[in-house]
Amino acid sequence: MSLLVVGLSHRSAPVSVLERASLNADAQIKLLQDTVAAEPATEAALLATCNRIELYADVDKFHAGVAELSTLLAQHSGVGLEELTPYLYVHYEDRAVHHLFSVACGLDSMVVGEGQILGQIKDSLARAQDLHSAGRLLNDLFQQALRVGKRAHSETGIDRAGQSLVTFGLEQLARGGDVQQWARGKRALVIGAGSMSSLAAATLARAGVTEIVVANRTVDRAERLAQILMEGDDTDVAARAVPMESVPAELTRADVTVSCTGATGLVLTAESVAEATEGRTPPSAGPGEDGPSAPGGESGRTAGAQRRGPSGTGLGSEDGCPLDLSAVQGTAGFSVLGEAAVAGMAAAELEQHAAWVDKGTVGGAQRAAGGSARPGSAGTLDPATDTDAIAALAATVATVGRIPERRRPEPVEEPQRPEPVLFLLDLAMPRDIDAAVHRLAGVRLVDIESLAEATAGAPMAADVDQVRRIVSDEVAAFGAALRAAHITPTVVALRTMAADVVAGEIARLDGRLPGLDDKHRAEITQTVRRVVDKLLHAPTVRVKQLAAEPGGAGYADALRTLFDLDPETVAAVSRAEDSTTEKDRGPA
């Protein structure tokens, strides 16, 4: 086995890179065709989802295979090789098997334990079979991965460790609350009619939405999905299909929208979402709460005035102040504990200001020397402490040439966003919904990037350890079976040679004993065959056992050398086995 996988996923690359590297259906087919046409690879399969792009191949040279597969991924994704390389990972032989089995069990998914990946692996295998890019190795590997994934879900509670990406996304929209309670009574718009969109529509229907509108470029597929939703035994939802041109109008009516299409551009722009929610944003909140106008409207100005200090006086209005503090925008008065008001000032200026503060007043308390009140201080800092701190900063700036940014900003109360009137879930890669929608008031967007952030620190369930043990056992078993299968053609060739020797000796016996009757000839033939079989039984059984162990591939070569087997005979047996297996093989 010379199995190699080169890929990138949500664990190795930021969503922005995954988004750019995503492959449409035509690009995936071309990538597979080019991979098997390349010199190092004899088989190829591609696992491409919204969270990963992985190219599997049977290669005869490791370094040449890594270079070729990396180059092909870069060429077909449109991301330059130099930019893509830092995010690529490589697994070889048993490590590659372990990786795929872990993926199949949901251990490498964004939502640990989700089962959708099994369907995606099955689709990848079917595509490789249709293109005849998967040979014996990848067929066996992917079918075994499907069996391992099913075993993990049936024998453990890995399903409890996570949900589908759709369910997790809806939970994020509901801010971790009960999805059914959140969804009850809402109107939903589902854009796309593929497997992910269909799952989202079915999940929303079971959650209790009152209406689902399905929009798709192919209206027939949207109509089929709508019909399936209305005929479901466990749902009572009104569903209808519309063309993609109706999305802007339907968006104005929807409470929750899920989008997962194969479009290369944006399906929903920030402008279209803003237009759809215009007039639906709740009014400003009551006293004590910031409404949507807080950042730039009247409430925002009031909050800013409150942060600026006493009486709203200008920062540079104090008599005798040596610094033009009014030139510092957005500061909350001069204080070394405040915002970075003194960053970049020269040591001489700081020393002058320190002397001025030392003669000033703080909070109405007169210093011995008297003087003007220090702006913005509001009694928050003792003058002596302030003077010492500024002197220390002056000494530092004289040494390093700048003011160190080590002051803690004064707390600023963030305005509270209004409750959303439109919930958006973007499960597409590349994204369907403009990321700028995150900034719109009255809209809550959950996309692949925010889902990745939400799952980064998610705790692992106890069942994950059990699944990992299953994966390790299955990897060992698969490797042993593969190594044992590698020697099978040699053993078959050896037994074929032995049978030919027996047949030749019986024919020679017939020439030397022409009067031998059929009964005695059959008895002699059977006796000779039993002797040969007994002589070969122990060596062939033992060599299969040895070959199944790590590093046992050399036993096949030793067997061929010891018995002087023709390499072409062994290769012919292998081709015959592959041809027979291919006729009976189908997707798991």
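Nothing here was measured: the structure is a model prediction, and the numbers come from that model.

Chemist: Lay out the overall build of the chain in plain terms, naming residues and giving numbers.
Modeler: Helix and strand counts for the chain come out as 22 helices and 10 strands. Here the chain, with 588 residues, has 46% of them falling under the buried criterion. A fraction of 71% describes how many contacts in the chain between residues 6 or more apart in sequence connect residues 24 or more apart. Split by element, the accessible area of the chain, about 28,900 Å² in all, is 52% carbon and sulfur.

Chemist: Outline the packing of aromatic side chains, listing residues and values.
Modeler: Tallied over the entire structure, the rule returns four aromatic pairs. With centroids separated by 5.2 Å and ring planes inclined at 90°, the aromatic side chains of tryptophan 182 and phenylalanine 423 adopt a geometry described as edge-to-face. Of the two residues, tryptophan 182 is situated in helix α10 (residues 179-183) and phenylalanine 423 in strand β9 (residues 422-426); the sequence distance between them amounts to 241 residues. Its relative accessible area of 8% is what places phenylalanine 423 among the buried residues.

Chemist: Go over the packing of helix α2 (residues 25-37) against helix α3 (residues 62-77), please, and point to the residues and values.
Modeler: Where α2 contacts α3, the axes come no closer than 10 Å and their chain directions differ by 155°. On the basis of their axis angle, the class for α2 and α3 is roughly antiparallel. Crossing hand, α2 versus α3: right-handed. On the side of α2, the interface is formed by Ala27, Lys30, Leu31, Asp34 and Thr35, while α3 contributes Leu69, Leu72, Leu73 and His76. Class assignment of the residues belonging to the contact of α2 with α3 gives a composition of five nonpolar, two polar and two charged.

Chemist: I'd love a proper account of the nonpolar core, names of residues and values included.
Modeler: Counting residues in hydrophobic clusters, the biggest one holds 67 residues, and the most contacted among them are Leu8, Leu84, Trp182, Ile212, Leu229 and Leu427. Looking at which element gives the most residues to this core, the answer is helix α11 (residues 195-207), with six residues. In this structure, Tyr56, Phe101, Leu146 and Phe478 belong to the second largest nonpolar core, which totals 35 residues.

Chemist: Tell me about the environment of alanine 493, residues and numbers included.
Modeler: For alanine 493, the location among the structural elements is in helix α19 (residues 463-512). When its relative accessible area of 3% is taken as the criterion, alanine 493 is described as buried. Measuring from C-alpha to C-alpha, the distance between alanine 493 and leucine 565 comes to 7.3 Å, with 72 residues separating the pair along the chain.

Chemist: Please provide a residue-by-residue account of the packing of helix α9 (residues 165-173) against α11, values included.
Modeler: Two elements in contact, α9 and α11, have axes separated by 9 Å at closest approach and are oriented at 55°. Judged on the interaxial angle alone, α11 and α9 are oblique. Regarding α9 and α11, the two cross each other, and that crossing is right-handed. Here α9 contributes Val166, Thr167 and Leu170 to the contact with α11, which in turn contributes Met196, Leu199, Ala200, Thr203 and Leu204. Among the residues making up the contact of α9 with α11, the classes are represented as six nonpolar, two polar and no charged.

Chemist: Pulling in residues and values, what's your account of the pairing of strand β2 (residues 41-48)?
Modeler: Along β2, six of the eight residues are buried, which leaves the element largely enclosed by surrounding structure. Remark: three residues form the turn of the hairpin made by β2 and strand β3 (residues 52-59), two consecutive strands paired antiparallel.

Chemist: Explain the side chain of asparagine 139 to me, using residue names and the numbers behind them.
Modeler: Positionally, asparagine 139 belongs in helix α7 (residues 136-155). Take asparagine 139: its relative accessible area is 0%, and that puts it in the buried class.

Chemist: A description of the layout of surface pockets should follow, citing residues and the corresponding values.
Modeler: Counted as a void, the largest pocket has a volume near 1,200 Å³. Together, 37 residues line the largest pocket, and Gln28, Ala48, Cys260, Thr261 and Gly262 are the ones closest to its centre. Mapped onto the lining of the largest pocket, the elements with two or more residues apiece are α2, β2, α6 (116-130) and α11. It is α6 that provides the largest number of residues to the lining of the largest pocket, a total of six residues. Taken together, the residues of the lining of the largest pocket break down into 17 nonpolar, 16 polar and four charged.

Chemist: Residues and numbers for empty space enclosed by the protein, please.
Modeler: Counted under the stated rule, the structure contains four cavities of 30 Å³ or more. In this structure, the largest cavity spans a volume of roughly 120 Å³. The element that contributes the greatest number of residues to the lining of the largest cavity is α6, accounting for three residues.

Chemist: So what's going on with the pattern of salt bridges? Which residues, and what values?
Modeler: With the rule as written, the count across this model stands at 21 salt bridges. Glutamate 250 is the partner of arginine 240 in a salt bridge, and the nearest nitrogen-oxygen pair spans 3.0 Å. Of this pair, arginine 240 sits in strand β7 (residues 238-243) while glutamate 250 sits in helix α13 (residues 247-251), and the two are 10 residues apart along the sequence. Glutamate 250 gets classed as buried once you look at its relative accessible area, which sits at 10%. Among the salt bridges present, the one from aspartate 510 reaches arginine 521, with a minimum N-O distance of 2.7 Å. In this pair, aspartate 510 is assigned in helix α19 and arginine 521 in helix α20 (residues 518-548), connecting sequence segments 11 residues apart. In this structure, a network of salt bridges that share partners links the residues Arg11, Arg52, Glu54 and Asp108.

Chemist: Explain the sheet that holds strand β5 (residues 187-191) to me, using residue names and the numbers behind them.
Modeler: Adjacent strands of a sheet form backbone hydrogen bonds with each other and so pair up, either parallel or antiparallel. Spatial strand order, β7-β6-β5-β8-β9-β10: six strands in an open sheet with parallel pairing. Two strands bound the open sheet, and with one partner strand each, they are β7 and β10 (443-446). Here the average twist between neighbouring strands, direction ignored, is 15°. Of the pairings in the sheet, the one linking strand β6 (residues 211-216) to β7 comprises six bridges and is parallel in character. The residue bridging glutamate 211 from the neighbouring strand is alanine 238, located in β7. Along the sheet, α11 makes contact with β5, β6 and β8 (256-259), crossing β5 at roughly 170°. In the packing of helix α12 (residues 219-231) onto the sheet, contacts are made with β6 and β7, and the angle to β7 comes to roughly 175°.

Chemist: Can you tell me about the side chain of histidine 91, naming the residues and giving the values?
Modeler: Position of histidine 91 among the secondary structure elements: in strand β4 (residues 89-92). Discounting residues that sit within four places of it in the chain, histidine 91 has contacts with Leu3, Leu4, Val5, Ala96 and His99.

Procedures and definitions
Residues numbered from 1 in each chain as written. Predicted model: local features only at pLDDT ≥ 70, side-chain atom pairs only at ≥ 80, totals over all residues. Heavy atoms only, no water. Helix = DSSP H or I, 4+ residues; strand = E, 2+ residues; numbered from the N terminus. Buried < 20%, exposed > 50% of the residue type's maximum accessible area, 1.4 Å probe, protein only. Contact = heavy atoms within 4.5 Å. Areas by Shrake-Rupley, 256 points an atom, 1.4 Å probe, with all protein chains shown as cover. Phe/Tyr/Trp six-rings, centres within 6.5 Å; stacked < 30°, edge-to-face > 60°. Axes fitted to C-alpha atoms, helices over the stretch in contact; angles between N-to-C directions. Parallel < 35°, antiparallel > 145°, perpendicular 65-115°, else oblique. Left-handed = near helix turned anticlockwise from the far one by under 90°. Nonpolar A, V, L, I, M, F, W, Y, C, P; charged D, E, K, R; others polar. Core = buried A, V, L, I, M, F, W, Y, C linked by side-chain atoms within 4.5 Å. Pairing = 2+ DSSP bridges. 1 Å grid on protein atoms, 1.4 Å probe; cavity = no way out; pocket = protein on both sides within 12 Å on 5 of 7 lines; lining within 4 Å. Points joined across faces, edges and corners; volume = space filled by probe spheres on them. Salt bridge = Lys/Arg side-chain N within 4 Å of Asp/Glu carboxyl O.

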